[in-house]
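Chain by chain, the residues:
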Amino acid sequence: MLLVIAFTGVSQTLLKIGANQSSEKKFTAAYVNPSTFTAYILYVIVTIFTVYALKEIPLKLFYTATSLKFVLVLILSKLVLCEKMDSKKVIAMGFIVSGVIIFNM
């Protein structure tokens, strides 16, 4: 399950990097660059890991825990993409983490 969260966060970040690298003149450039291609490969791997995880973990637990990917994407967007993280985003991350903890008590 942790790999699903990690790979989803990384793939989302790579998609953003790929989109930023493409020029506006070439529509297909956003889909055929190394960052985007790597993100698609990671999505396939995430799908495979998800199937295996769902064999062992209850559905409600899996999807509750994987909501942590939103926290990871926000952190990666700040660290890798240098995007702005304001207090509202930090509070939202706190709500997500708190919700996962409370749900699993």
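For the structure, see preceding data.
Residues numbered from 1 in each chain as written. Predicted model: local features only at pLDDT ≥ 70, side-chain atom pairs only at ≥ 80, totals over all residues. Heavy atoms only, no water.

Colleague: Even after reading the chapter, I still don't get helix α4 (residues 68–79), so can you show me in this structure?
Modeller: An α-helix turns once per 3.6 residues; consequently, residues spaced three or four apart project the same way. Between its terminal C-alpha atoms α4 stretches 17 Å, which fits the 16 Å expected from 12 residues at 1.5 Å a residue. Among all positions in α4, only Val71, Leu76 and Ser77 are buried. At its buried positions, α4 is contacted by α1 (2–21) and α5 (87–103). (Helix = DSSP H or I, 4+ residues; strand = E, 2+ residues; numbered from the N terminus. Expected span 1.5 Å × (residues − 1). Buried < 20%, exposed > 50% of the residue type's maximum accessible area, 1.4 Å probe, protein only. Contact = heavy atoms within 4.5 Å.)

Colleague: Honestly, the environment of Ser77 in this entry has me stumped. Any pointers?
Modeller: In this fold, Ser77 is placed in helix α4. Note on Ser77: relative accessible area 10%, which makes it buried. Sequence-wise, Ser77 and Gln12 are 65 residues apart; in three dimensions their C-alpha atoms are separated by 9.3 Å. Among residues more than four places away in sequence, those in contact with Ser77 are Cys82 and Glu83.

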